[in-house]
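Take a look at the letters that make up each chain.
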Amino acid sequence: MGGCSVSGFSPDWLALREPADAAARDRTVLAACRDAFMTRESISVCDLGSGTGAAVRAFSNLLPVRQHWTLVDNDADNLAAAKTALAVWADSAASEGDTLRLRHGTREIHIRTHVHDFANDAACWPAETDLVTATALFDLTSAPWIARFVAALAARRTPLLSTLTTDGILTATPTHALDEKIAASFRSHQSRDKGFGPAAGADAARVLEDTLRDAGYRLTIGDSPWQLRASDGPLLTATVDGILQAVGETGAIATADLAAWNKDARVQKMTVGHRDVFAHIAQ
């Protein structure tokens, strides 16, 4: 997996993308998750590929007032950054042993972290977990890994909230003759092995949804595209740069053509498609 964490890269990149993720998430999917737990007073959540703790910030207000989170990532630096960022975000924070105790509004939130490379162990959540969450994870994994993950999830009938899974849609404005070839080459790069076997990449949302249905889950699904504009500045620039780097690594398009595609920061708008899903098994 190189130097990248399962959660998808450095704390700086995760901080840059967090506002776009929050704006993109499908509100119907989030509401379905909220409604599933609305009669409860407490919940235990495990977030896979946690990065810097964005899921806590994004989902805590949807969930019961007392929350116990286990943040799982294979990068200890990201998890350390998560504790720091969450302590700043919270109204109050205190460490007790290996638990970070937070208050944010009416929520009492307990955080534990777990460094774990779950490429070979799809079921790494505590036995008492009521909800598994993941953001921008499944396109990095493979179809066989997703099958093992869903089987482990279904064995305990545990609900899943998965957001920002890439769906392969990539468009740029103004348009250019190379747009489709760029998008196709980028999708090809997304299917490379990220440590789980050949990645599901642009097919991940479909694979995840089909596998969940086959396991008996009921799904609430929604689109959650990034809609980036020039006003998004650093994130648009970083996204374009990342696409160009990935496409360049495929060798499918000449370097001069890639430079022409991006001449004078040509891209003023970009859509990067994603899908969200909340999955549960009716009791």
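Residues numbered from 1 in each chain as written. Predicted model: local features only at pLDDT ≥ 70, side-chain atom pairs only at ≥ 80, totals over all residues. Heavy atoms only, no water.

Draft legend 1. Seen up close, the nonpolar core. Leu 48, Phe 138, Phe 149 and Leu 160 are the most contacted members of the largest nonpolar core, which has 30 residues in total. Mapped by element, the contributors of at least two residues to this core are strand 1 (42-48), strand 6 (131-135), helix 5 (143-155), helix 7 (204-214) and strand 10 (269-280). Per-element tally for this core: the top contributor is helix 5, with seven residues. Not counting residues within four places of it along the chain, the set of residues in contact with Phe 149 comprises Leu 48, Ala 122, Trp 125, Val 132, Phe 138 and Leu 160. (Core = buried A, V, L, I, M, F, W, Y, C linked by side-chain atoms within 4.5 Å. Buried < 20%, exposed > 50% of the residue type's maximum accessible area, 1.4 Å probe, protein only. Helix = DSSP H or I, 4+ residues; strand = E, 2+ residues; numbered from the N terminus. Contact = heavy atoms within 4.5 Å.)

Draft legend 2. Region of interest: the pattern of salt bridges. Under the criterion given, the structure shown has 14 salt bridges. Between Asp 210 and Arg 213 there is a salt bridge whose closest N-O contact spans 3.3 Å. Of this pair, Asp 210 and Arg 213 both sit in helix 7, three residues apart, roughly one helical turn. For Asp 210, a relative accessible area of 32% gives the class partly exposed. Overlapping salt bridges, with partners in common, bring together Arg 206, Asp 210 and Arg 213 in one network. (Salt bridge = Lys/Arg side-chain N within 4 Å of Asp/Glu carboxyl O.)

Draft legend 3. Here's a closer look at the confidence of the model for the chain. Of all residues in the chain, 96% have pLDDT values of 70 or greater, and the mean over the chain is 93. Across residues 1-8 the pLDDT falls below 50, and counting only partners more than four positions away or on other chains, this stretch makes 27 contacts in the model. (pLDDT = per-residue confidence, 0-100.)

Draft legend 4. Broad picture of the packing of helix 5 against helix 7. In the contact formed by helix 5 and helix 7, the axes pass within 10 Å of each other and the chain directions differ by 35°. The handedness of the crossing between helix 5 and helix 7 comes out as right-handed. On the side of helix 5, the interface is formed by Ala 143, Ile 146, Ala 147, Val 150 and Leu 153, while helix 7 contributes Ala 204, Val 207, Leu 208, Thr 211 and Leu 212. (Axes fitted to C-alpha atoms, helices over the stretch in contact; angles between N-to-C directions. Left-handed = near helix turned anticlockwise from the far one by under 90°.)

Draft legend 5. Examining helix 2 (residues 27-36) more closely. Along helix 2, the residues that are buried comprise Val 29, Leu 30, Ala 32 and Cys 33. The buried residues of helix 2 occupy an angular sector of 155° when projected down its axis, which confines them to one face. Of the exposed residues in helix 2, the ones pointing more than 90 degrees away from its buried face are Arg 27 and Thr 28. For helix 2, the side-chain oxygen to backbone nitrogen distance between the N-cap and Thr 28 is 3.0 Å, and the N-cap itself is Asp 26. (Arc of directions from axis to C-beta. Polar contact = N/O pair within 3.5 Å; in protein donor to acceptor, adjacent residues only side chain to side chain.)

Draft legend 6. Examining unusual backbone geometry more closely. Residue Pro 174 is reached from Thr 173 by a cis peptide bond, and omega for that bond is 0°. Within the secondary structure, Pro 174 sits in the loop between strand 7 (160-173) and helix 6 (179-190). In this structure, Ala 136 is a non-glycine residue whose phi angle is positive, near 50°. Among the secondary structure elements, Ala 136 is positioned in the loop between strand 6 and helix 5. Overall, Ala 136 belongs to the buried group, its relative accessible area being 10%. Of note, the phi angle at Arg 157 is positive, near 55°, even though the residue is not glycine.

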